[in-house]
Amino acid sequence: MDHGGMDHGGMDHGSGSQCVTNMLFNWDTTNLCIVFPSWRITDSTSLVLSFVAVVLMGMSYEWLRRVARSYDAYCAKLLGDADGRKRRDSVPKPASGSAGQDGSVGVEEEESVFGGVGWRKGGRVNSQRHMIRALLYAMQVAVSFFLMLVFMTYNAYFILAVTLGAFLGFYIFQQDTGISSQRGMACH
């Protein structure tokens, strides 16, 4: 049968340049596209480089969480100083074993509307600092959703890369138990 006159709408039959997507767990990396058609696994080099990139992205998520919590602590300290409240380190330490759940000592905190610990009661951060906090949060959300999309390739190599990145990032950047390690919105 002659198909010469038929328009196939730009479909590619057999050249192998189309992205392969799979909705089942798999180990196949042949023409696997990661999130974008231009991010394609074509050989073992692109597989290794992509694996490393995803691991680093997972680690960067944990680094962003650390930076955001450190910035929050910095803003809370500034609030305490500006309001004439005692600094965190000048508050008498309670007897051993009576630190808060997050390891903090002597800081009066309030529960946020959506769960988790909020700011000190009565404290408000200025708009510039709040903009920085919001930007850090938005960056965390963007990275976590991107990692979710990578995970949803259902490819075992990239599921492993996301998991390894989360593990290494947490291990490296979340060693200080004095900073609250409560999880925010995360997709991995």
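What you see is a predicted model, and the numbers here were worked out from it, not measured in a lab. Every chain is numbered on its own, with residues counted from 1 as its sequence reads. Predicted model: local features are reported for residues with pLDDT of at least 70 only, side-chain atom pairs are reported and counted for 80 or more only, and whole-chain, interface and lining totals are derived from all residues. Remark: hydrogens and water are excluded; side-chain values derive from all non-hydrogen atoms of the structure.

Trainee: Can you tell me about the overall build of the protein, naming the residues and giving the values?
Mentor: Each helix corresponds to a stretch of at least 4 residues labelled H or I by DSSP, and each strand to a stretch of at least 2 residues labelled E; elements are numbered beginning at the N terminus. Secondary structure assignment for the protein yields three helices and four strands. Along its sequence from the N terminus, the protein presents helices and strands in the succession β-β-α-β-β-α-α. Whether a residue is buried, partly exposed or exposed follows from its accessible area with a 1.4 Å probe, protein chains only, as a fraction of its type maximum: under 20%, in between, or over 50%, in that order. The 188 residues of the protein split such that 30% are buried. Here, two residues are considered to be in contact whenever any of their heavy atoms come within 4.5 Å of each other. If you take every contact in the protein between residues at least 6 apart in sequence, the share linking residues at least 24 apart comes to 69%.

Trainee: An account of the layout of surface pockets is needed here, citing residue identities and associated values.
Mentor: Size it by volume and the second largest pocket reaches roughly 190 Å³. Here a cavity means grid points, on a 1 Å grid over the protein atoms only, where a 1.4 Å probe fits yet cannot get out; a pocket means an open set of points with protein on both sides within 12 Å along at least five of seven lines; lining residues are those with an atom within 4 Å of a point. Around the second largest pocket, the lining comprises 15 residues; the ones closest to its centre are Thr 21, Cys 33, Val 35, Met 152 and Thr 153. Residues that form the lining of the second largest pocket fall into these classes: twelve nonpolar, three polar and no charged. Grid points are joined across faces, edges and corners, and a volume is the space filled by probe spheres set on the points. We call Asp, Glu, Lys and Arg charged. Ala, Val, Leu, Ile, Met, Phe, Trp, Tyr, Cys and Pro are nonpolar, and the rest, Gly among them, are polar.

Trainee: Give a detailed account of the pattern of salt bridges, specifying residues and quantitative values.
Mentor: Salt bridge criterion: a side-chain nitrogen from Lys or Arg within 4 Å of a carboxyl oxygen from Asp or Glu. Overall, the coordinates contain three salt bridges when judged by the stated rule. Between Glu 62 and Arg 65 there is a salt bridge, and its shortest N-O distance comes to 2.7 Å. One end of the pair is Glu 62 and the other is Arg 65, both in helix H1 (residues 44-82) and three residues apart, which spans about a single turn. Here the two residues Glu 62 and Arg 65 agree in accessibility, since each one is buried. Among the ionic pairs, Arg 133 bridges to Asp 72, the shortest N-O distance being 2.6 Å. On the criterion of sequence distance, the pair formed by Arg 133 in helix H2 (residues 127-151) and Asp 72 in helix H1 is long-range, its members being 61 residues apart.

Trainee: Talk me through the state of the cysteines; I want residue IDs and the actual numbers.
Mentor: The disulfide criterion used throughout: a pair of cysteine sulfur atoms within 2.5 Å. Summed over the entire model, instances satisfying the criterion amount to one disulfide. In this model Cys 19 forms its disulfide with Cys 33; the gap between the sulfur atoms is 1.9 Å. Note on the Cys 19 and Cys 33 pair: the S-S dihedral is about -75°, so by sign convention the disulfide is left-handed. Pair noted here: Cys 19 is in the segment before strand E1 (32-33) and Cys 33 is in strand E1, with a separation of 14 residues, a long-range link.

Trainee: Describe helix H3 (residues 156-173), naming the residues involved and giving the relevant values.
Mentor: Expected helix span is computed as 1.5 Å times (number of residues minus one). For H3, spanning 18 residues, the distance from its first C-alpha to its last is 25 Å, which sits close to the expected 26 Å at 1.5 Å a residue. Its side-chain oxygen placed 2.9 Å from the backbone nitrogen of Tyr 157, Asn 155 serves as the N-cap of H3. Here a polar contact is recorded for every N or O atom pair within 3.5 Å, except that within protein the pair must consist of a potential hydrogen donor and a potential acceptor, and residues adjacent in sequence are included only if both atoms are side-chain atoms.

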